[in-house]
Amino acid sequence: MIIDLDRLPEDGLNISQDYEFFSSELVEENTVFLEPVHADINVRLLGEEIFITGRFTTCLSFVCSRCLSPFELKVDSRFDLVYLPEELDMVKDQLDDEDMGQLFFYSQKIDLKDVVLEQLNLTFPVRPLCAKDCQGICPVCGKIIKEGDCSCAAHELDPRLGKFKDFLRDKR
Ligand SMILES: [Zn+2]
Ligand SMILES: [Zn+2]
């Protein structure tokens, strides 16, 4: 939904809407939407700045980065954003470092779909895990360790190797 800021009511606008995205629009490619993204958004103008606050929920299927099993991830996230008019974008080079993440709106319009998509992408874990303590896959037989122990004694590693394994796991 594109908001025409010239026609924004003085007391702001409340929008409650479902958004459909493609997995290809996400930073995490091995992802499937299990339900549309539902968002409740408030847009209001204060001076020259546009304030957009909102909350969105959805449910996705991710692939665990350790054991490669699919798992469900529920998203319930809020955001609180300030957009400045494009004129100020021209002088962006002169802004301080802390303003680098500043958002701008162009041609008096804001596409809420873009806003929601960007915020959604920010909620994703860098390394999706089915469980915090997911043991991953047995390095010997390739079985998923949480589904019962395999017959190889691979988990009883040499203690020195164990330390190394912990080190590798922390690195992820
Ligand atoms: Zn896992
Ligand atoms: Zn095994």
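In what follows, the structure referred to is the one given above.
About the thresholds
- Residues numbered from 1 in each chain as written.
- Chains lettered and ligands numbered in written order.
- Predicted model: local features only at pLDDT ≥ 70, side-chain atom pairs only at ≥ 80, totals over all residues.
- Helix = DSSP H or I, 4+ residues; strand = E, 2+ residues; numbered from the N terminus.
- Buried ≥ 20, exposed ≤ 12 C-beta atoms within 10 Å, placed from the backbone.
- Contact = placed C-beta atoms within 7 Å.
- Expected span 1.5 Å × (residues − 1).
- Arc of directions from axis to C-beta.
- Pairing = 2+ DSSP bridges.
- Core = buried A, V, L, I, M, F, W, Y, C linked by C-beta atoms within 7 Å.

(A) Representation of the overall build of the chain. A count of helical and extended segments in the chain gives two helices and eight strands. Shown N-terminal to C-terminal, the secondary structure of the chain runs as helices and strands in the order β-β-β-β-β-β-β-β-α-α. In the chain, which comprises 172 residues, the proportion classed as buried is 13%. In the chain, the share of contacts with a sequence separation of at least 24, taken over all contacts with a separation of at least 6, comes to 55%.

(B) Seen up close, unusual backbone geometry. Despite not being glycine, leucine 68 has its phi angle at roughly 65 degrees, a positive value. Relative to the assigned elements, leucine 68 resides in the loop between β5 (49-63) and β6 (70-85). Look at leucine 68 and you get exposed, because 12 C-beta atoms sit within 10 Å. Here glutamine 108, not a glycine, exhibits a phi torsion of approximately 60 degrees, which is positive. Inspection of the secondary structure assignment puts glutamine 108 in the loop between β7 (103-105) and β8 (109-111).

(C) The arrangement of helix α1 (residues 112-123) in detail. Between its first and last C-alpha atoms α1 spans 17 Å; for 12 residues at 1.5 Å apiece the expected length is 16 Å, and the two agree. Of the positions making up α1, those classed as buried are Val115, Val116, Gln119 and Leu120. One face of α1 carries all of its buried residues, which in axial projection span an arc of 130 degrees. Exposed residues pointing more than 90 degrees away from the buried face of α1 are listed as Asp114, Glu118 and Leu122. Packed against the buried residues of α1 are β2 (13-19), β4 (37-46), β5, β6 and β8.

(D) Representation of the pairing of β5 within the structure. Pairing of strand β3 (residues 32-33) with β5 involves two bridges; the strand directions are antiparallel. Note that in β5 the partner of valine 32 across the bridge is serine 61. As judged from the nine bridges shared by β4 and β5, these two strands associate in the antiparallel manner. Paired with leucine 45 across the two strands is isoleucine 50, which belongs to β5. From the end of β4 to the start of β5, which pair antiparallel, there are two residues, and glycine 47 there has a positive phi angle of about 65 degrees. Relative to β6, β5 runs antiparallel, the two sharing 14 bridges. Paired with isoleucine 52 across the strands is leucine 81, a residue of β6.

(E) Local environment of the nonpolar core. Membership of the largest hydrophobic core comes to 13 residues, with the highest contact counts inside it found for Ile52 and Val116. Secondary structure elements with two or more residues in this core: β4, β5 and α1. For this core, the element with the highest residue contribution is β4, accounting for four residues. For valine 116, the contacting residues outside a window of four places in its chain are Tyr19, Val37, Ala39 and Phe56.

(F) View of the environment of valine 82. Tracing the sequence through the fold places valine 82 in strand β6. When the 12 C-beta atoms within 10 Å are taken as the criterion, valine 82 is described as exposed. Distance from valine 82 to phenylalanine 104, taken between C-alpha atoms, is 8.3 Å for residues 22 residues apart in sequence. In this structure valine 82 touches Glu49, Phe51 and Leu103, once residues within four positions along its chain are discounted.

By themselves, these figures tell us nothing about what the structure is for.
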